[in-house]
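So you can see what is in the structure, the chains are spelled out below.
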Amino acid sequence: MPPPDMEAVSIAGVPAYAQQEHRCGAAALASVLTWSRVRVSSQNIGTQVHNPQRDGTLQAALISSARRNRRVAYPIHGPKALILELKAGHPVLVLVNRGLSWWPAWHYSVVCGYRSDPGEVLMARGTPVKEWVPWTAFLRTWQRADFWGLLVLRPDDLPATVEADSWARSVHGLELAAHHRLALTGYTAALTRWPTHLAAMMGRANCFYALGRLKLSEAALRRAAALHPDSGPVHNNLAHILLKQGKLQAADEAINAALRLGKPHPPAYEQTREAIRRARDSRAH
């Protein structure tokens, strides 16, 4: 792919950290976390991501650490996505292979700028100073790593190349890391763009529940059920929330709707129905 013909980009606020030996992943992640307004050091990140057995860092560890540090980790792929994200002001953490296919030399860097004349990308790649690297040389080493890239973003900052399902999965990572308020922000941002997206609607309801805001969780699930009446999980989750509030008749109606659909998790629906039955029996006594 020849260098794109576009206006020069240089993203401000992306520091270049000198890496410790075999700690390029930590240096790269610290750069993009700092840009996203998280106070970190490459040394602290190194303790989170370095794998002693491999003497390096796996991509999954970078994603996990980004989530632990309260940011959405959103993978991207390929030169077109890279250029669009740079134009949107998003630095991209990339994995490159500076060796050969049969003798790889893996390295994490951050791409934070581009200029078409003479065709170069600006990179933080483990030294104290960012460097301009020829586009063709960068692309060659990036291709050997299957064009893998990662955005590390605040949950209200949607990628330029965002896709609804991918964003919901990435925000779910924040939810799994127990950052429920931030995940709520991410799901709300998704629903602003895609108002009927089912996974985002359910994720938002789950976050309300985790934050103890049961009425808001119920309202979110009732809206989801109205828009997606064929979703068994929505009716099951609604039944669970209603049960928690002691609304047993409404909970019965919701779980019966899930059971009539019978997919995709009938055993879970049966468990919810049994919990409602026990609550009803307890109330009778």
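Up top is the structure.
The sections below set out a description of the structure shown in this document. Only a predicted model underlies this, so the values are computations on that prediction, with no experimental measurement involved.

Describing the overall build of the chain
Argument step 1. When helices and strands are tallied, the chain shows 12 helices and seven strands.
Argument step 2. Counting only C-alpha atoms and orienting by the principal axes, one finds that the chain spans roughly 75 × 40 × 35 Å.
Argument step 3. In the chain, which comprises 285 residues, the proportion classed as buried is 49%.
Argument step 4. Contacts spanning at least 24 positions in sequence make up 60% of the contacts within the chain whose residues lie at least 6 apart.

Considering helix α7 (residues 180-193)
Argument step 1. Between its terminal C-alpha atoms α7 stretches 20 Å, which fits the 20 Å expected from 14 residues at 1.5 Å a residue.
Argument step 2. Taken residue by residue, α7 has Leu182, Ala183, Leu184, Gly186, Tyr187, Ala189, Ala190 and Leu191 as its buried positions.
Argument step 3. Looking at the buried side of α7, the elements it contacts are α6 (164-176) and α8 (198-210).

Concerning the packing of α7 against α8
Argument step 1. Viewed as axis vectors pointing N to C, α7 and α8 meet at an angle of 150°, and their least axial separation amounts to 9 Å. In terms of axis orientation, α7 runs roughly antiparallel to α8. At the point where α7 passes α8, the crossing takes the left-handed sense. Facing His180, Ala183, Leu184, Tyr187, Thr188, Ala190 and Leu191 of α7, the residues of α8 in contact are Ala199, Ala200, Met201, Gly203, Arg204, Cys207, Phe208 and Ala210.
Argument step 2. Split by residue class, the contact of α7 with α8 holds 11 nonpolar, three polar and one charged.

Comments concerning the packing of aromatic side chains
Argument step 1. For the coordinates displayed, the defined rule picks out six aromatic pairs.
Argument step 2. Centre to centre, the rings of tyrosine 74 and tryptophan 167 are 6.0 Å apart; their planes meet at 45°, and the pair counts as tilted. On the criterion of sequence distance, the pair formed by tyrosine 74 in strand β2 (residues 72-77) and tryptophan 167 in helix α6 is long-range, its members being 93 residues apart. Each member of the pair, tyrosine 74 together with tryptophan 167, is buried.
Argument step 3. Judged by centre distance (5.2 Å) and plane angle (85°), the rings of tryptophan 142 and phenylalanine 147 are edge-to-face.
Argument step 4. Residue tryptophan 142 is classed as buried on the basis of its relative accessible area of 0%.
Argument step 5. Taken together through their ring pairs, the aromatic side chains of Tyr114, Trp135, Phe138, Trp142 and Phe147 make up a single cluster.
Argument step 6. The ring of tryptophan 132 has arginine 115 lying over it, and the distance from NZ or CZ to the ring centre is 3.9 Å.
Argument step 7. Above the ring of tryptophan 194, the side-chain terminus of arginine 193 is found at 5.4 Å from the ring centroid.

Looking at the side chain of glutamate 218
Argument step 1. With respect to the element layout, glutamate 218 can be found in helix α9 (residues 214-227).
Argument step 2. Overall, glutamate 218 belongs to the buried group, its relative accessible area being 9%.
Argument step 3. With sequence-adjacent residues up to four places away left out, glutamate 218 is seen in contact with Leu238, Ile241, Leu242, Gln245 and Lys247.

Thoughts on the pairing of strand β6 (residues 131-134)
Argument step 1. The sheet contact formed by strand β5 (residues 120-124) and β6 spans four bridges and is antiparallel. Across the sheet, valine 121 pairs through a bridge with valine 133, a residue of β6.

What to know about the pattern of salt bridges
Pairs can form between side chains of opposite charge whenever their charged atoms are close.
Argument step 1. Enumeration according to the criterion identifies 10 salt bridges in this entry.
Argument step 2. Between aspartate 156 and arginine 154 there is a salt bridge, and its shortest N-O distance comes to 3.8 Å.
Argument step 3. Here aspartate 156 falls in the exposed class, since its relative accessible area comes to 51%.
Argument step 4. Residue glutamate 274 is joined to arginine 277 by a salt bridge in which the shortest nitrogen-to-oxygen separation is 2.3 Å. Remark: arginine 277 and glutamate 274 occur in helix α12 (residues 266-284); sequence separation between them is three residues, near one turn of the helix.
Argument step 5. A residue is classified by how much of its surface remains accessible, and arginine 277, at 40% relative accessible area, is partly exposed.
Argument step 6. Each of Glu274, Arg277, Arg278 and Asp281 takes part in one network of salt bridges that share partners.

What about the packing of α9 against helix α10 (residues 232-244)?
Argument step 1. α10 packs onto α9 with a crossing angle of 155° between their chain directions and a minimal axis gap of 9 Å. One way to sum up the angle between α9 and α10 is to call them roughly antiparallel. Pair α9 / α10 crosses with left-handed handedness. Contact with α9, carried on its side by Leu214, Ser217, Glu218, Leu221, Arg222, Ala224 and Ala225, involves Val234, His235, Asn237, Leu238, Ile241, Leu242 and Lys244 of α10 and no other residues of that element.

Some remarks on the nonpolar core
Argument step 1. In terms of nonpolar packing, the biggest core is built from 89 residues, with Leu29, Leu93, Phe138 and Trp167 touching the most fellow members.
Argument step 2. The leading source of residues in this core is helix α1 (residues 24-35), at eight residues.
Argument step 3. Each residue touching phenylalanine 138, except ones within four places of it in the same chain, is listed here: Leu82, Val94, Val96, Val111, Val121, Met123 and Val133.

What counts and how
Residues numbered from 1 in each chain as written. Predicted model: local features only at pLDDT ≥ 70, side-chain atom pairs only at ≥ 80, totals over all residues. Heavy atoms only, no water. Helix = DSSP H or I, 4+ residues; strand = E, 2+ residues; numbered from the N terminus. Buried < 20%, exposed > 50% of the residue type's maximum accessible area, 1.4 Å probe, protein only. Contact = heavy atoms within 4.5 Å. Expected span 1.5 Å × (residues − 1). Axes fitted to C-alpha atoms, helices over the stretch in contact; angles between N-to-C directions. Parallel < 35°, antiparallel > 145°, perpendicular 65-115°, else oblique. Left-handed = near helix turned anticlockwise from the far one by under 90°. Nonpolar A, V, L, I, M, F, W, Y, C, P; charged D, E, K, R; others polar. Phe/Tyr/Trp six-rings, centres within 6.5 Å; stacked < 30°, edge-to-face > 60°. Lys NZ or Arg CZ within 6 Å of the ring centre and 35° of its normal. Pairing = 2+ DSSP bridges. Salt bridge = Lys/Arg side-chain N within 4 Å of Asp/Glu carboxyl O. Core = buried A, V, L, I, M, F, W, Y, C linked by side-chain atoms within 4.5 Å.

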